[in-house]
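Here are the chains, one letter per residue:
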Amino acid sequence: MANNNEQAKRFKDGQQTEVRLKIGTHDGIFHCDEVLACYMLQQLPQYSTAQIVRTRDQKLLDTCDIVVDVGSVYDHEHHRYDHHQASFGDTLNSLRPEVGSRWNIRLSSAGLVYTHFGEEVLRLLLQKKLDQEPNAECLRAVYLKVYDGFISEIDAIDNGVPMFEGGEPKYNITTNLSSRMHNFNPTWNEPSPPPESLERFEQAKAYVGREFEDKVLYYAKSWWPARDLVSRALADRLTVHESGAILELEQFCPWKEHLYLLEKEQNLVGKAKYVLYFNKEHDWRIICVPNQPSSFVCRKFLKKSWRGVRDEELEKVSGIAGAKFCHQTGFIGGNTTREGALRMAVASLQAPED
(Lines give C-alpha, C1' and ligand atoms only; values in the text may rest on other atoms or scores of the structure.)
Protein backbone atom coordinates (compact mmCIF):
# COMPACT_ATOMS: atom_id res chain seq x y z
CA MET A 1 0.00 0.00 0.00
CA ALA A 2 1.24 3.45 -0.87
CA ASN A 3 2.34 5.78 1.87
CA ASN A 4 -0.25 8.54 2.35
CA ASN A 5 1.57 11.75 3.24
CA GLU A 6 0.03 15.20 2.95
CA GLN A 7 1.95 15.60 -0.28
CA ALA A 8 3.33 12.55 -2.06
CA LYS A 9 6.92 13.14 -3.16
CA ARG A 10 9.48 11.33 -5.23
CA PHE A 11 13.17 11.95 -5.87
CA LYS A 12 14.51 12.06 -9.40
CA ASP A 13 18.04 13.04 -10.36
CA GLY A 14 18.51 14.53 -6.90
CA GLN A 15 15.44 16.74 -7.26
CA GLN A 16 12.30 16.44 -5.14
CA THR A 17 9.15 16.43 -7.28
CA GLU A 18 5.50 16.28 -6.29
CA VAL A 19 3.38 13.33 -7.42
CA ARG A 20 -0.42 13.34 -7.45
CA LEU A 21 -2.02 11.17 -4.81
CA LYS A 22 -4.45 8.50 -6.02
CA ILE A 23 -7.97 7.74 -4.81
CA GLY A 24 -8.96 4.23 -5.85
CA THR A 25 -12.51 3.00 -6.38
CA HIS A 26 -14.14 0.33 -8.56
CA ASP A 27 -14.90 0.67 -12.26
CA GLY A 28 -18.15 -0.26 -14.01
CA ILE A 29 -21.51 1.00 -12.72
CA PHE A 30 -20.96 3.63 -10.05
CA HIS A 31 -23.18 4.33 -7.06
CA CYS A 32 -23.92 7.30 -4.88
CA ASP A 33 -21.79 6.15 -1.96
CA GLU A 34 -18.40 5.97 -3.68
CA VAL A 35 -19.14 9.09 -5.76
CA LEU A 36 -19.88 11.06 -2.59
CA ALA A 37 -16.90 9.49 -0.82
CA CYS A 38 -14.60 10.72 -3.59
CA TYR A 39 -16.19 14.17 -3.54
CA MET A 40 -15.68 14.51 0.22
CA LEU A 41 -12.07 13.36 0.04
CA GLN A 42 -11.30 15.91 -2.66
CA GLN A 43 -12.49 18.71 -0.35
CA LEU A 44 -9.48 17.95 1.87
CA PRO A 45 -6.17 19.69 1.09
CA GLN A 46 -4.24 16.41 0.89
CA TYR A 47 -6.60 14.99 -1.73
CA SER A 48 -7.77 18.15 -3.51
CA THR A 49 -5.76 17.35 -6.65
CA ALA A 50 -5.77 13.58 -6.25
CA GLN A 51 -6.29 11.41 -9.30
CA ILE A 52 -9.30 9.08 -9.17
CA VAL A 53 -8.40 5.58 -10.35
CA ARG A 54 -11.38 3.37 -11.22
CA THR A 55 -10.36 -0.28 -11.32
CA ARG A 56 -10.85 -3.67 -9.70
CA ASP A 57 -7.27 -4.70 -10.38
CA GLN A 58 -5.82 -5.24 -6.90
CA LYS A 59 -2.30 -4.48 -8.08
CA LEU A 60 -3.43 -1.04 -9.23
CA LEU A 61 -5.47 -0.50 -6.06
CA ASP A 62 -2.37 -1.28 -4.00
CA THR A 63 -0.65 1.71 -5.61
CA CYS A 64 -3.43 4.06 -4.47
CA ASP A 65 -3.04 6.23 -1.39
CA ILE A 66 -6.65 5.73 -0.34
CA VAL A 67 -9.28 3.24 -1.58
CA VAL A 68 -13.07 3.40 -1.22
CA ASP A 69 -15.84 0.87 -1.94
CA VAL A 70 -13.60 -1.84 -3.30
CA GLY A 71 -10.84 -4.18 -2.09
CA SER A 72 -12.73 -6.00 0.71
CA VAL A 73 -10.74 -4.18 3.41
CA TYR A 74 -11.70 -1.66 6.05
CA ASP A 75 -8.53 -0.37 7.68
CA HIS A 76 -8.50 3.27 8.73
CA GLU A 77 -4.78 3.24 9.52
CA HIS A 78 -3.98 2.26 5.94
CA HIS A 79 -6.85 4.29 4.38
CA ARG A 80 -8.89 1.39 3.03
CA TYR A 81 -12.65 1.94 3.19
CA ASP A 82 -14.66 -0.95 1.75
CA HIS A 83 -17.86 -2.20 3.37
CA HIS A 84 -18.82 -5.19 1.21
CA GLN A 85 -16.96 -7.91 3.10
CA ALA A 86 -19.03 -10.23 5.30
CA SER A 87 -16.99 -9.29 8.36
CA PHE A 88 -18.03 -5.63 8.14
CA GLY A 89 -20.95 -4.43 10.24
CA ASP A 90 -19.92 -1.03 11.58
CA THR A 91 -22.25 1.92 12.03
CA LEU A 92 -21.55 5.51 12.96
CA ASN A 93 -22.51 4.66 16.54
CA SER A 94 -20.13 1.69 16.73
CA LEU A 95 -17.17 3.75 15.45
CA ARG A 96 -18.12 7.08 17.00
CA PRO A 97 -20.42 6.32 19.97
CA GLU A 98 -19.89 9.80 21.39
CA VAL A 99 -21.75 11.30 18.40
CA GLY A 100 -25.06 9.68 19.39
CA SER A 101 -26.75 9.16 16.02
CA ARG A 102 -30.42 8.20 16.11
CA TRP A 103 -29.74 5.52 13.46
CA ASN A 104 -27.80 2.26 13.57
CA ILE A 105 -27.35 1.73 9.86
CA ARG A 106 -24.46 -0.23 8.38
CA LEU A 107 -22.07 2.23 6.80
CA SER A 108 -21.37 2.47 3.09
CA SER A 109 -18.13 3.87 1.72
CA ALA A 110 -19.67 7.35 1.98
CA GLY A 111 -20.52 6.74 5.63
CA LEU A 112 -17.02 5.45 6.35
CA VAL A 113 -15.33 8.47 4.79
CA TYR A 114 -17.77 10.78 6.57
CA THR A 115 -17.14 9.01 9.89
CA HIS A 116 -13.39 9.57 9.70
CA PHE A 117 -13.07 12.78 7.69
CA GLY A 118 -16.50 14.43 7.87
CA GLU A 119 -15.80 16.99 10.58
CA GLU A 120 -12.77 18.32 8.74
CA VAL A 121 -14.71 18.39 5.44
CA LEU A 122 -17.49 20.38 7.12
CA ARG A 123 -15.09 22.75 8.84
CA LEU A 124 -13.29 23.56 5.59
CA LEU A 125 -16.53 23.92 3.62
CA LEU A 126 -18.10 26.26 6.17
CA GLN A 127 -14.89 28.22 6.48
CA LYS A 128 -14.78 28.66 2.70
CA LYS A 129 -18.47 29.42 2.10
CA LEU A 130 -19.26 31.46 5.23
CA ASP A 131 -15.83 33.05 5.61
CA GLN A 132 -15.72 32.18 9.28
CA GLU A 133 -14.54 29.37 11.52
CA PRO A 134 -17.51 27.39 12.89
CA ASN A 135 -17.41 26.97 16.66
CA ALA A 136 -17.04 23.50 18.12
CA GLU A 137 -20.67 23.23 19.27
CA CYS A 138 -22.01 24.18 15.84
CA LEU A 139 -19.63 21.80 14.08
CA ARG A 140 -20.62 18.86 16.29
CA ALA A 141 -24.33 19.55 15.78
CA VAL A 142 -24.06 19.97 12.01
CA TYR A 143 -21.89 16.84 11.74
CA LEU A 144 -24.59 14.74 13.41
CA LYS A 145 -27.41 16.45 11.52
CA VAL A 146 -25.75 15.88 8.12
CA TYR A 147 -25.30 12.20 8.96
CA ASP A 148 -28.82 11.67 10.29
CA GLY A 149 -30.47 13.76 7.57
CA PHE A 150 -28.34 12.93 4.53
CA ILE A 151 -25.52 10.39 4.75
CA SER A 152 -27.61 7.74 6.55
CA GLU A 153 -30.03 7.60 3.62
CA ILE A 154 -27.18 6.87 1.21
CA ASP A 155 -25.78 4.23 3.60
CA ALA A 156 -29.17 2.56 3.92
CA ILE A 157 -29.97 2.51 0.20
CA ASP A 158 -26.54 1.19 -0.75
CA ASN A 159 -26.78 -1.57 1.87
CA GLY A 160 -30.39 -2.47 1.03
CA VAL A 161 -31.76 -1.54 4.46
CA PRO A 162 -35.61 -1.52 4.42
CA MET A 163 -37.41 1.58 5.65
CA PHE A 164 -39.80 -0.54 7.71
CA GLU A 165 -40.18 -4.11 8.88
CA GLY A 166 -42.55 -6.44 7.06
CA GLY A 167 -45.07 -5.91 4.29
CA GLU A 168 -44.73 -4.31 0.88
CA PRO A 169 -44.46 -0.55 0.37
CA LYS A 170 -47.58 1.20 -0.88
CA TYR A 171 -45.49 3.37 -3.19
CA ASN A 172 -41.91 3.70 -4.42
CA ILE A 173 -39.65 6.73 -4.08
CA THR A 174 -37.49 7.19 -7.18
CA THR A 175 -36.42 10.81 -6.69
CA ASN A 176 -33.88 10.24 -3.91
CA LEU A 177 -30.29 11.28 -4.51
CA SER A 178 -29.08 7.72 -5.06
CA SER A 179 -31.64 7.21 -7.83
CA ARG A 180 -30.93 10.55 -9.49
CA MET A 181 -27.19 9.98 -9.35
CA HIS A 182 -27.56 6.50 -10.86
CA ASN A 183 -28.95 8.12 -14.01
CA PHE A 184 -25.46 9.36 -14.86
CA ASN A 185 -24.52 5.76 -15.67
CA PRO A 186 -25.01 4.61 -19.29
CA THR A 187 -28.38 2.98 -19.95
CA TRP A 188 -28.50 -0.64 -21.12
CA ASN A 189 -28.75 0.35 -24.81
CA GLU A 190 -26.12 3.08 -24.78
CA PRO A 191 -22.52 2.36 -25.71
CA SER A 192 -20.45 2.00 -22.56
CA PRO A 193 -17.56 4.41 -22.19
CA PRO A 194 -14.08 2.92 -22.01
CA PRO A 195 -13.07 1.75 -18.51
CA GLU A 196 -10.62 4.61 -18.08
CA SER A 197 -13.25 7.25 -18.88
CA LEU A 198 -14.16 9.46 -15.93
CA GLU A 199 -16.48 11.92 -17.68
CA ARG A 200 -19.78 10.55 -16.35
CA PHE A 201 -18.29 9.81 -12.94
CA GLU A 202 -17.09 13.44 -12.68
CA GLN A 203 -20.53 14.72 -13.71
CA ALA A 204 -22.13 12.57 -11.02
CA LYS A 205 -19.58 13.73 -8.45
CA ALA A 206 -20.32 17.40 -9.18
CA TYR A 207 -24.07 16.73 -8.91
CA VAL A 208 -23.80 14.88 -5.61
CA GLY A 209 -21.35 17.47 -4.29
CA ARG A 210 -23.77 20.33 -4.91
CA GLU A 211 -26.50 18.58 -2.94
CA PHE A 212 -24.11 17.73 -0.10
CA GLU A 213 -22.95 21.35 0.04
CA ASP A 214 -26.53 22.66 0.01
CA LYS A 215 -27.41 20.43 2.97
CA VAL A 216 -24.35 21.45 4.97
CA LEU A 217 -24.94 25.16 4.39
CA TYR A 218 -28.64 24.89 5.24
CA TYR A 219 -27.91 23.15 8.54
CA ALA A 220 -25.18 25.62 9.45
CA LYS A 221 -26.88 28.86 8.29
CA SER A 222 -30.55 28.14 8.98
CA TRP A 223 -31.10 25.10 11.20
CA TRP A 224 -28.37 25.71 13.79
CA PRO A 225 -29.20 29.40 14.55
CA ALA A 226 -32.77 28.33 15.37
CA ARG A 227 -31.46 26.68 18.53
CA ASP A 228 -31.22 30.07 20.27
CA LEU A 229 -34.89 30.84 19.55
CA VAL A 230 -36.01 27.45 20.87
CA SER A 231 -33.78 27.81 23.92
CA ARG A 232 -35.38 31.15 24.78
CA ALA A 233 -38.88 29.76 24.23
CA LEU A 234 -38.13 26.90 26.62
CA ALA A 235 -36.65 29.27 29.20
CA ASP A 236 -39.71 31.55 29.02
CA ARG A 237 -42.34 28.80 29.04
CA LEU A 238 -43.75 29.69 32.47
CA THR A 239 -44.44 33.26 31.35
CA VAL A 240 -46.68 31.87 28.57
CA HIS A 241 -48.65 29.51 30.83
CA GLU A 242 -48.17 28.30 34.38
CA SER A 243 -48.11 24.67 33.24
CA GLY A 244 -44.88 25.20 31.28
CA ALA A 245 -46.39 23.01 28.57
CA ILE A 246 -46.91 25.79 25.99
CA LEU A 247 -43.96 27.39 24.23
CA GLU A 248 -44.04 30.55 22.13
CA LEU A 249 -41.50 31.11 19.39
CA GLU A 250 -40.36 34.65 18.59
CA GLN A 251 -40.69 33.61 14.95
CA PHE A 252 -41.20 30.34 13.18
CA CYS A 253 -38.04 28.29 12.73
CA PRO A 254 -36.90 24.62 12.55
CA TRP A 255 -37.64 23.83 16.20
CA LYS A 256 -38.34 20.14 16.73
CA GLU A 257 -34.87 18.58 16.94
CA HIS A 258 -33.60 21.51 19.01
CA LEU A 259 -36.49 21.13 21.45
CA TYR A 260 -35.81 17.42 21.98
CA LEU A 261 -32.11 18.00 22.58
CA LEU A 262 -32.67 20.93 24.94
CA GLU A 263 -35.31 18.96 26.86
CA LYS A 264 -32.81 16.16 27.43
CA GLU A 265 -30.13 18.59 28.56
CA GLN A 266 -32.51 20.27 31.02
CA ASN A 267 -34.37 17.17 32.22
CA LEU A 268 -37.65 18.42 30.72
CA VAL A 269 -38.42 15.56 28.34
CA GLY A 270 -42.11 15.42 27.46
CA LYS A 271 -43.10 18.61 29.29
CA ALA A 272 -43.83 20.76 26.21
CA LYS A 273 -47.11 19.88 24.51
CA TYR A 274 -47.79 22.84 22.20
CA VAL A 275 -45.83 25.48 20.30
CA LEU A 276 -47.33 28.84 19.35
CA TYR A 277 -46.02 31.11 16.63
CA PHE A 278 -47.08 34.04 14.45
CA ASN A 279 -47.57 32.89 10.86
CA LYS A 280 -48.80 36.09 9.20
CA GLU A 281 -51.21 38.93 9.88
CA HIS A 282 -54.35 37.61 11.61
CA ASP A 283 -52.91 34.11 11.62
CA TRP A 284 -51.42 32.50 14.74
CA ARG A 285 -50.70 28.77 14.78
CA ILE A 286 -50.74 26.10 17.47
CA ILE A 287 -48.66 23.01 16.67
CA CYS A 288 -48.74 19.92 18.86
CA VAL A 289 -45.28 18.61 19.80
CA PRO A 290 -44.82 15.23 18.06
CA ASN A 291 -43.25 12.22 19.73
CA GLN A 292 -40.54 12.22 17.03
CA PRO A 293 -39.50 14.93 14.55
CA SER A 294 -41.16 13.39 11.48
CA SER A 295 -44.10 11.84 13.31
CA PHE A 296 -47.73 12.99 13.37
CA VAL A 297 -48.29 11.11 16.64
CA CYS A 298 -48.25 13.90 19.22
CA ARG A 299 -47.81 14.20 22.95
CA LYS A 300 -51.27 15.74 23.22
CA PHE A 301 -53.52 16.59 20.29
CA LEU A 302 -55.92 19.49 20.06
CA LYS A 303 -59.44 18.80 21.34
CA LYS A 304 -61.20 16.00 19.53
CA SER A 305 -64.46 17.90 19.04
CA TRP A 306 -62.61 20.60 17.05
CA ARG A 307 -60.91 18.37 14.50
CA GLY A 308 -61.82 19.09 10.89
CA VAL A 309 -63.93 22.09 11.91
CA ARG A 310 -63.33 25.62 10.55
CA ASP A 311 -64.19 29.32 10.98
CA GLU A 312 -67.61 30.25 12.45
CA GLU A 313 -68.48 26.66 13.24
CA LEU A 314 -65.19 26.21 15.11
CA GLU A 315 -65.80 29.42 17.06
CA LYS A 316 -69.17 28.02 18.14
CA VAL A 317 -67.87 24.57 19.03
CA SER A 318 -64.83 25.87 20.92
CA GLY A 319 -66.29 29.05 22.39
CA ILE A 320 -63.05 30.81 21.43
CA ALA A 321 -63.20 33.97 19.33
CA GLY A 322 -61.06 34.02 16.22
CA ALA A 323 -60.71 30.23 15.91
CA LYS A 324 -59.95 29.55 12.25
CA PHE A 325 -59.29 25.86 11.83
CA CYS A 326 -58.23 22.61 13.42
CA HIS A 327 -56.69 19.91 11.25
CA GLN A 328 -58.75 16.73 11.06
CA THR A 329 -56.01 14.81 12.87
CA GLY A 330 -55.69 17.51 15.55
CA PHE A 331 -51.96 18.15 15.18
CA ILE A 332 -52.29 21.85 14.22
CA GLY A 333 -54.79 24.66 14.56
CA GLY A 334 -55.07 28.37 13.95
CA ASN A 335 -56.56 31.56 15.36
CA THR A 336 -56.61 35.18 14.25
CA THR A 337 -54.93 36.39 17.47
CA ARG A 338 -52.22 35.32 19.87
CA GLU A 339 -54.67 35.37 22.76
CA GLY A 340 -57.08 33.12 20.87
CA ALA A 341 -54.33 30.69 19.90
CA LEU A 342 -53.18 30.52 23.52
CA ARG A 343 -56.74 29.84 24.67
CA MET A 344 -57.00 26.98 22.18
CA ALA A 345 -53.75 25.49 23.51
CA VAL A 346 -54.84 25.83 27.15
CA ALA A 347 -58.28 24.32 26.48
CA SER A 348 -56.68 21.36 24.69
CA LEU A 349 -54.15 20.92 27.46
CA GLN A 350 -56.92 20.75 30.05
CA ALA A 351 -59.15 18.46 28.00
CA PRO A 352 -59.30 14.77 29.01
CA GLU A 353 -57.22 12.31 27.02
CA ASP A 354 -58.95 10.85 23.96
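Everything numeric in this text was worked out from a predicted model, so none of it was measured.

(A) Structural context of the packing of helix α1 (residues 32-41) against helix α5 (residues 136-159). The contact between α1 and α5 brings their axes to 9 Å, and the two run at 140°. Classified by the angle their axes make, α1 and α5 are oblique. Between α1 and α5, the residues in contact are Cys32, Asp33 and Leu36 and Phe150, Ile151, Ile154 and Asp158, respectively. Residue composition of the contact of α1 with α5, by class: five nonpolar, no polar and two charged.

(B) Representation of the nonpolar core in the model. Membership of the largest hydrophobic core comes to 58 residues, with the highest contact counts inside it found for Leu36, Met40, Leu41, Tyr114, Val146 and Phe212. Every element with two or more residues in this core is listed here: α1, β5 (66-68), α4 (109-130), α5, α6 (177-182) and α7 (199-223). When residues of this core are assigned to their parent elements, the largest contribution, twelve residues, is made by α5. For Phe212, the residues in contact, after removing those within four places along its chain, are Leu36, Tyr39, Met40, Tyr114, Val121, Leu122, Leu125, Val146, Phe150 and Ile151. In terms of nonpolar packing, the next biggest core, distinct from the first, is built from 43 residues, Ala233, Ile246, Tyr277 and Trp306 among them.

(C) Inspection of the environment of Arg343 at higher detail. Its place among the elements puts Arg343 in helix α12 (residues 338-350). Here the alpha-carbon distance between Arg343 and Ser318, two residues 25 residues apart in the chain, equals 9.8 Å. Apart from residues no more than four positions distant in its own chain, Arg343 is found in contact with Gly319, Ile320 and Ala321.

(D) View of the pairing of strand β4 (residues 51-54). Judged from the four bridges that link them, strand β3 (residues 22-25) and β4 form a sheet pairing that is parallel. If you follow Thr25 over to β4, its bridge partner there is Arg54. A crossover links β3 with its parallel partner β4, the connecting element being α1, and its sense is right-handed.

(E) Focus on the pairing of strand β9 (residues 274-280). Relative to β9, strand β8 (residues 246-248) is paired through three bridges, and the arrangement is parallel. Counted as the bridge partner of Leu247 is Val275 from β9. Between the parallel pair β8 and β9, the chain is carried across by helix α10 (residues 256-265), and the sense of this crossover is right-handed. As paired elements, β9 and strand β10 (residues 283-288) share six bridges and run antiparallel to each other. Bridging across to β10, Leu276 finds its partner in Ile286. Counting the residues between successive antiparallel strands, the hairpin from β9 to β10 contains two residues, one of them, His282, with a positive phi of roughly 60°.

(F) Quick look at the confidence of the model for the chain. Averaged over every residue, the pLDDT of the chain is 92; the share at 70 or more is 94%. This model gives residues 4-8 a pLDDT under 50, and the stretch forms 13 contacts once residues within four places in sequence are excluded. Below pLDDT 50 for its whole length, residues 10-14 participates in five contacts with residues either more than four positions away or in separate chains.

(G) Here's a closer look at the sheet that holds strand β7 (residues 80-81). Taken in spatial order, the five strands of this open sheet run β4-β3-β5-β7-β6, and their pairing is mixed. Looking at which strands have only one partner, the edges of the open sheet turn out to be β4 and β6 (74-75). In this structure, β3 lies alongside β5, joined through two bridges in parallel fashion. Pairing of Gly24 across the sheet is with Val67, part of β5.

Conventions we followed
- Residues numbered from 1 in each chain as written.
- Predicted model: local features only at pLDDT ≥ 70, side-chain atom pairs only at ≥ 80, totals over all residues.
- Heavy atoms only, no water.
- Axes fitted to C-alpha atoms, helices over the stretch in contact; angles between N-to-C directions.
- Helix = DSSP H or I, 4+ residues; strand = E, 2+ residues; numbered from the N terminus.
- Parallel < 35°, antiparallel > 145°, perpendicular 65-115°, else oblique.
- Contact = heavy atoms within 4.5 Å.
- Nonpolar A, V, L, I, M, F, W, Y, C, P; charged D, E, K, R; others polar.
- Core = buried A, V, L, I, M, F, W, Y, C linked by side-chain atoms within 4.5 Å.
- Buried < 20%, exposed > 50% of the residue type's maximum accessible area, 1.4 Å probe, protein only.
- Pairing = 2+ DSSP bridges.
- Right-handed = clockwise from strand over helix to strand, strands pointing away.
- pLDDT = per-residue confidence, 0-100.

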